[in-house]
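# Results of the structural survey
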Amino acid sequence: MQKLGFGLMRLPLTDGADPSSVDMKKLDEMVDVFLSRGFTYFDTAYMYHGGRSESAAREAIVARYPRDSFWLTSKLPTFYLHKKGDQERIFAEQLKRCGVEYFDNYLLHSLDKKNYETAEKFGSFAFVEKCKREGSVRRFGFSFHDKADVLDKILREHPEAEFVQLQINYLDWEDGNIQSRLCLETARRHGKKVIVMEPVKGGTLAKVPPQAEKLMRECHPDWSPASWALRFAAGQEGVSVVLSGMSTMEQLRENTSFMGEAGPLGGRERAVLSAVTNILKGGNGIACTACRYCTESCPERIAIPDYFSLYNELHAGGDKNALAVRYEECGKNAGTPADCIRCRRCEGVCPQHLEVADLLQKVSAAFSK
Ligand code: SF4
Ligand code: SF4
């Protein structure tokens, strides 16, 4: 299988303010090009695009291509399991939404210490094993957002998991909280295949500061910053698929142009990425990957990742007046950072473990100066 997977979590929209307004015409065209170039892996989840991603997958892929010509992956939202019967109900709904009789890969979504406890409480590993025996799941694993010792514990207690999905990118490689390298080594030690998520860290590594991009272009003039990030992830030993949440045809054309033959980076490239990491770490921005898991749980409907992105742009030297206009627009029909009531519901679902309420205060202060 080709190593690039199409993440269906940042799809093109017809209305930028409504995550469920997937632009099906554009998505159809992107799916056509992706498949025609020999790539076959699609990754959706129950809650992506406000619940619309799975049905968009049905319309753009399942209804238009033979079932054996692509892989479709979805995930059980462990953070939505509150009572007995929830996982059976959600799984049946997912098969229906996607219009399939089986998922090629099925994951327990976003395991960390807390979500693992939930999965254990409801017997989620046994549930997906049963689905596999019954034929509605071909392979199962889990996506993971915690430290390497927690990953080691889960893999020791559940050796039946066939693969893991990890956040691997060059910026988080040695990060004390994300521990990309240590997690990858742990998965390899347990003999698990690895699928990479967030290789471009929610777009952060596609727009690097000018001095960082200069280093990259001096080494390889025709490699974009995003392609450096994808190549870094794809070149790691044990990685079978690298997901990219592509939003435009331009991104898709670029990614499919080189990912078919991306191999390990050489010493020169690794040195460039080490220098780029130093530049980026000096930036001190908010490590939000714009996954939007938090926005649905916010009672004030605050567009949390959009505010974090504005803050990061401000921090990177962006034009404060222009950013202030966008800040006003974000709060037109919804809450602003100043409206946060500190209920911390968002923090319970944030895979990056961000202290969202405190960070929103910081954002509010930065824009009210
Ligand atoms: S803590 Fe603030 S941002 Fe988070 S869910 Fe509550 S109101 Fe929304
Ligand atoms: S704050 Fe956390 S949950 Fe919300 S978009 Fe950013 S990384 Fe995702």
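Counting restarts for each chain: residues are numbered from 1 in the order of the written sequence. Chains and ligands are labelled by the order in which they are written, letters from A for the one and numbers from 1 for the other. Two thresholds apply to this predicted model, a pLDDT of at least 70 for residue-level local features and 80 or more for giving and counting side-chain atom pairs, whereas whole-chain, interface and lining totals are computed over all residues. As a rule here, side-chain values cover all heavy atoms of the structure and leave hydrogens and water aside.

### Focus: the overall build of the chain
- For the chain, the count of helices and strands is 15 helices and 8 strands.
- Relative to the 2.2 N^0.38 estimate, which gives 21 Å for 369 residues, the radius of gyration of the chain is 20 Å and therefore close to what a compact globule would have.
- Here the C-alpha coordinates of the chain stretch approximately 60 × 50 × 45 Å along the principal axes.
- The cut-offs for exposure are 20% and 50% of the maximum accessible area for each residue type, with area from a 1.4 Å probe on protein chains only; residues under the lower value are buried, those over the upper are exposed, and the others partly exposed. When burial is assessed residue by residue, the chain has 54% of its 369 residues classed as buried.
- Residues are treated as being in contact if the distance between any of their heavy atoms lies within 4.5 Å. Restricting the contact set of the chain to residue pairs at least 6 apart, pairs at least 24 apart contribute 75%. Working definition: helices are DSSP H or I runs of at least four residues, strands are E runs of at least two. Numbering for both runs from the N terminus. Each radius of gyration is computed over the set of C-alpha atoms, and the globule rule expresses the reference value as 2.2 Å times the number of residues to the power 0.38.

### Some points on unusual backbone geometry
- Positive phi values are uncommon outside glycine, yet His-49 reaches one of about 55 degrees.
- In this fold, His-49 is placed in the loop between β2 (41-43) and α2 (53-62).
- Although it is not a glycine, Arg-292 adopts a positive phi angle of roughly 70 degrees.
- On the secondary structure map, Arg-292 appears in the loop between α11 (267-281) and α12 (304-315).

### Focus: the domain arrangement of the chain
- For each domain, the first and last residues come from an automatic or database assignment. Along its sequence, the chain is carved into domain 1 (4-281) and domain 2 (295-368).
- With centres defined by C-alpha atoms, the gap from domain 1 to domain 2 works out at 25 Å.
- Counting residues at the interface gives 12 residues for domain 1 and 6 residues for domain 2.
- In total, about 630 Å² of surface goes out of reach between domain 1 and domain 2, with carbon and sulfur atoms giving 38% of it.
- Put simply, a salt bridge is a Lys or Arg side-chain nitrogen that is within 4 Å of an Asp or Glu carboxyl oxygen. At the junction of domain 1 with domain 2, the criterion picks out 0 salt bridges. Here the quantity called buried area is the accessible surface, traced with a 1.4 Å probe, that two parts lose on coming together, added over both.

### Side note on the environment of Ile-341
- Inspection of the secondary structure puts Ile-341 in the loop between α13 (320-330) and α14 (345-349).
- Each C-alpha atom, one on Ile-341 and one on Arg-189, is 44 Å from the other, the two residues being 152 residues apart in sequence.
- For Ile-341, the residues in contact, after removing those within four places along its chain, are Pro-299 and Glu-300.

### Quick notes on the sheet that holds strand β6 (residues 163-167)
- Any two strands are treated as partners once DSSP identifies two or more bridges connecting them. Taken together, 8 strands build a closed barrel; the order of strands is β1-β2-β3-β4-β5-β6-β7-β8 and the barrel is parallel. Averaged over all neighbouring strand pairs, the angle between strand axes comes to 30 degrees, with direction disregarded.
- Inspection of the sheet shows strand β7 (residues 193-197) paired to strand β8 (residues 239-244) by 3 bridges, in the parallel sense. Paired with Ile-195 across the strands is Val-241, a residue of β8. Each axis is a line fitted through C-alpha atoms, and for a helix only the stretch in contact is used; angles between axes span 0 to 180 degrees, taken between their N-to-C directions.

### Side note on the site of ligand 2
- In the vicinity of ligand 2 there are 13 residues, among which Cys-288, Cys-291, Arg-292, Cys-294 and Cys-350 approach most closely.
- In the shell around ligand 2, the residues fall into 10 nonpolar, 2 polar and 1 charged. When at least one non-hydrogen atom of a residue lies within 4 Å of a molecule or strand, that residue is treated as near it. When residues are sorted by character, Ala, Val, Leu, Ile, Met, Phe, Trp, Tyr, Cys and Pro go into the nonpolar class, Asp, Glu, Lys and Arg into the charged class, and all the rest, Gly among them, into the polar class.

### A closer look at the packing of helix α1 (residues 24-36) against helix α10 (residues 249-258)
- Taken N-terminus to C-terminus, the directions of α1 and α10 make an angle of 5 degrees; their axes are 10 Å apart at the nearest point. Taken together, the axes of α1 and α10 are roughly parallel relative to one another. Together, Glu-29, Met-30, Val-33 and Phe-34 of α1 and Met-249, Leu-252, Arg-253 and Thr-256 of α10 make up the contact between the two elements.
- In the contact of α1 with α10, the residues fall into 5 nonpolar, 1 polar and 2 charged. Should an angle fall under 35 degrees it is taken as roughly parallel, and over 145 as roughly antiparallel, whereas 65 to 115 is taken as roughly perpendicular and any remaining angle as oblique.

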